[in-house]
Amino acid sequence: MQEGLTIGELAARSGVAPSALRYYERLGLIRAGRTGGNQRRYERSELRRVAFIRISQQVGISLDEIREALDSLPESRTPTTADWTRLSAGWQGRLDERIRMLTKLRDDLDNCIGCGCLSLQRCTLNNPGDELATEGPGARLMLRGAGKP
C-alpha cells in the first residue's frame with residue numbers, strides 16, 4: 001500500500017472516532033494496510049465506505065447488513081457510482097417503509113401529546129388485557145396503521 005491516511009487523519013476527515021474506526025476494521029467494514037512499523041494506513045477510498053457506514057447506521061441499518069452490502073462491492077478497484085447505486089437500491093423499499101413508520105409515529109405523537117391520552121379508544125399504544133399479544137410483539141395497532149400486518 002502506498003502512503004495512505006493514518007487513523008487520526010481518517011478520523012479527522014470522516015468525523016468518526018479512531019475507536020469506532022478500529023471497531024469497523026475489526027468487523028471487516030473497512031480495511032487498512034500496515035506500515036513497516038505496523039501502523040494502520042487507509043486508502044482514501046475508505047472515506048466513502050466510512051461515510052456509507054455512518055449514514056446507513058443513522059437510518060437504522062444494522063452493521064451486519066452494512067457488512068453484507070459492502071462485501072458485495074469489488075475489492076480489486078474503487079467502487080464506482082454504479083456500484084454504490086446498485087448497493088443502495090436494495091434498501092429502497094425498506095427505507096420507504098421506515099419513512100412511512102416514522103411519519104405515522106410523528107403524527108400519532110402529535111395526537112397523543114395534544115389529547116394527553118384521554119381517548120384510549122383511539123390510542124394506538126393502548127392494549128387492555130394484552131389482547132393483541134396473539135398478533136405478535138410490539139405496538140400492534142400502530143404497526144397496522146403503518147401498513148404492517
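Values in this document were obtained by computation on a predicted structure and should not be read as measured data.

Enquirer: Hey, could you run me through helix α2 (residues 18-27) in this one?
Expert: Because an α-helix completes one turn every 3.6 residues, residues spaced three or four positions apart along the sequence face the same direction. Buried within α2 are the following residues: A20, L21, Y24 and E25. All buried residues of α2 fall inside an arc of 140 degrees around its axis, so they share one side. Tucked inside the fold, the buried residues of α2 contact α1 (7-14), β1 (33-34), β2 (40-41), α3 (45-58) and α4 (63-71). Note on α2: the residue one or two positions beyond its end, G28, has a positive phi of about 85 degrees.

Enquirer: For this particular structure, what's the right way to read the nonpolar core?
Expert: Note that soluble globular proteins tend to have their nonpolar side chains buried in a common cluster. Core analysis: the largest hydrophobic core is formed by 24 residues, its most contacted members being L10, L21, Y24, I30, I53, I66 and L70. Elements represented by at least two residues in this core include exactly α1, α2, α3, α4 and α5 (81-89). For Y24, the contacting residues outside a window of four places in its chain are V16, L29, I30, I53, R54, Q57 and L63.

Enquirer: Looking at this structure, I do not really get the pattern of salt bridges. What am I missing?
Expert: Inspection of every chain in the model, using the stated rule, returns six salt bridges. Notably, a salt bridge pairs E46 with R49, separated by 3.7 Å at the nearest N-O pair. Within this pair, E46 and its partner R49 are both found in helix α3, separated by three residues, close to a single helical turn. Across the pair R100 and E97 runs a salt bridge, and its minimum N-O distance is 2.7 Å. In this pair, R100 and E97 are both assigned in helix α6 (residues 92-115), three residues apart and thus about one turn of the helix distant. Assessed through its relative accessible area of 45%, R100 is described here as partly exposed.

Enquirer: Hey, could you run me through the packing of aromatic side chains in this one?
Expert: Both the distance between ring centres and the angle between the ring planes are used here to describe each pair of aromatic rings. Counting across every chain of the model gives two aromatic pairs. Relative to W84, the ring of F52 lies with its centre 5.1 Å away and its plane at 50 degrees, an arrangement referred to as tilted. With F52 in helix α3 and W84 in helix α5, the pair connects residues that are 32 residues apart, well separated along the chain. Both residues of the pair, F52 and W84, belong to the buried class. With a centroid separation of 5.5 Å and 20 degrees between ring planes, the pair formed by F52 and W91 is classed as stacked. One end of the pair, F52, is in helix α3; the other, W91, is in the loop between α5 and α6, and 39 residues separate them in sequence.

Enquirer: Looking at this structure, I do not really get unusual backbone geometry. What am I missing?
Expert: Both trends apply: most residues other than glycine have a negative phi, and most peptide bonds are in trans. Of note, N38 is a non-glycine position whose phi angle comes to about 70 degrees, a positive value. When its relative accessible area of 52% is taken as the criterion, N38 is described as exposed.

Enquirer: Hey, could you run me through the side chain of E46 in this one?
Expert: For E46, a relative accessible area of 4% corresponds to the buried category. Setting aside chain neighbours within four positions, we find E46 in contact with I30 and R31.

Enquirer: What is the right way to read the side chain of R49 from this model?
Expert: A residue is classified by how much of its surface remains accessible, and R49, at 4% relative accessible area, is buried. Setting aside its immediate chain neighbours within four residues, R49 contacts G28, L29, I30, R31, L70, L73 and W84.

Cut-off values and rules
Residues numbered from 1 in each chain as written. Predicted model: local features only at pLDDT ≥ 70, side-chain atom pairs only at ≥ 80, totals over all residues. Heavy atoms only, no water. Buried < 20%, exposed > 50% of the residue type's maximum accessible area, 1.4 Å probe, protein only. Helix = DSSP H or I, 4+ residues; strand = E, 2+ residues; numbered from the N terminus. Arc of directions from axis to C-beta. Contact = heavy atoms within 4.5 Å. Core = buried A, V, L, I, M, F, W, Y, C linked by side-chain atoms within 4.5 Å. Salt bridge = Lys/Arg side-chain N within 4 Å of Asp/Glu carboxyl O. Phe/Tyr/Trp six-rings, centres within 6.5 Å; stacked < 30°, edge-to-face > 60°.

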